Amino acid sequence: AVNTLYQSISGASYTVLPKSGSGGGLAAAIHMAFGATLINGPQYIIRLFSLHKRFRDYDLIIVAEGQIDYQTADGKSVIVVAQEFKKYHIPVIAFTGRLGKGYQKVYHLGITKILTTDKRDKKSWSRKSEIIRAARLLGNDLNRQRRKIC
């Protein structure tokens, strides 16, 4: 419905409007209704929190995406983050629930390793205990860090 309205007003489809895809077209609707400027959200967050300036503080970056596939390579958050930290040779591990068609593209864009719970990926599934162990270790480490800060 939003696309039909946008087409009737502008003569164009918002599906070709850059940065309008996430949130079910919410960005396109706000752009159309209020003239909002569309920005790259992940890049904005990286800059807002100065993550790119503190790269020396990181040994590893962990990202997550519900499904990693060919669309992920088109600039989803995990790729923007991976590309940012690839510049500094910091490994980026992606957790995902499912691997879709063309997921291999993300390896060229900064993702170092993909860990999935998708049972169809026998190699990752056989490492399920490793994933659980890594998550527990990460959780323990985060708790230790939180205690140091608080």
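Everything here concerns the structure above.
What you see is a predicted model, and the numbers here were worked out from it, not measured in a lab.

Parameters at a glance
- Residues numbered from 1 in each chain as written.
- Predicted model: local features only at pLDDT ≥ 70, side-chain atom pairs only at ≥ 80, totals over all residues.
- Heavy atoms only, no water.
- Helix = DSSP H or I, 4+ residues; strand = E, 2+ residues; numbered from the N terminus.
- Buried < 20%, exposed > 50% of the residue type's maximum accessible area, 1.4 Å probe, protein only.
- Contact = heavy atoms within 4.5 Å.
- Areas by Shrake-Rupley, 256 points an atom, 1.4 Å probe, with all protein chains shown as cover.
- Phe/Tyr/Trp six-rings, centres within 6.5 Å; stacked < 30°, edge-to-face > 60°.

**Student:** Is there a simple way to explain the overall build of the protein chain in this structure?
**Tutor:** Along the protein chain, the regular secondary structure elements total six helices and three strands. Counting every position in the protein chain, which comprises 150 residues, the buried fraction comes to 30%. Contacts in the protein chain between residues at least 24 apart in sequence constitute 48% of all its contacts with a sequence separation of at least 6. Carbon and sulfur atoms form 56% of the exposed surface of the protein chain, whose accessible area is close to 10,200 Å².

**Student:** In this structure, what is going on with the packing of aromatic side chains? I would like to understand it.
**Tutor:** Counting across every chain of the model gives one aromatic pair. Look at tyrosine 58 and phenylalanine 85: their rings are 5.7 Å apart centre to centre, the planes differ by 90°, and that puts the pair in the edge-to-face class. With tyrosine 58 in the loop between helix 3 (41-48) and strand 1 (61-68) and phenylalanine 85 in helix 4 (residues 77-86), the pair connects residues that are 27 residues apart, well separated along the chain. Taking relative accessible area as the criterion, phenylalanine 85 reaches 2% and is therefore assigned buried.

**Student:** It is not clear to me how the environment of glutamine 43 should be interpreted in this structure. Could you clarify?
**Tutor:** Assignment of secondary structure puts glutamine 43 in helix 3. Judged by relative accessible area, glutamine 43 falls into the partly exposed class, the value being 42%. Sequence-wise, glutamine 43 and glutamate 84 are 41 residues apart; in three dimensions their C-alpha atoms are separated by 8.6 Å.

Read these as geometric descriptors, not functional statements.
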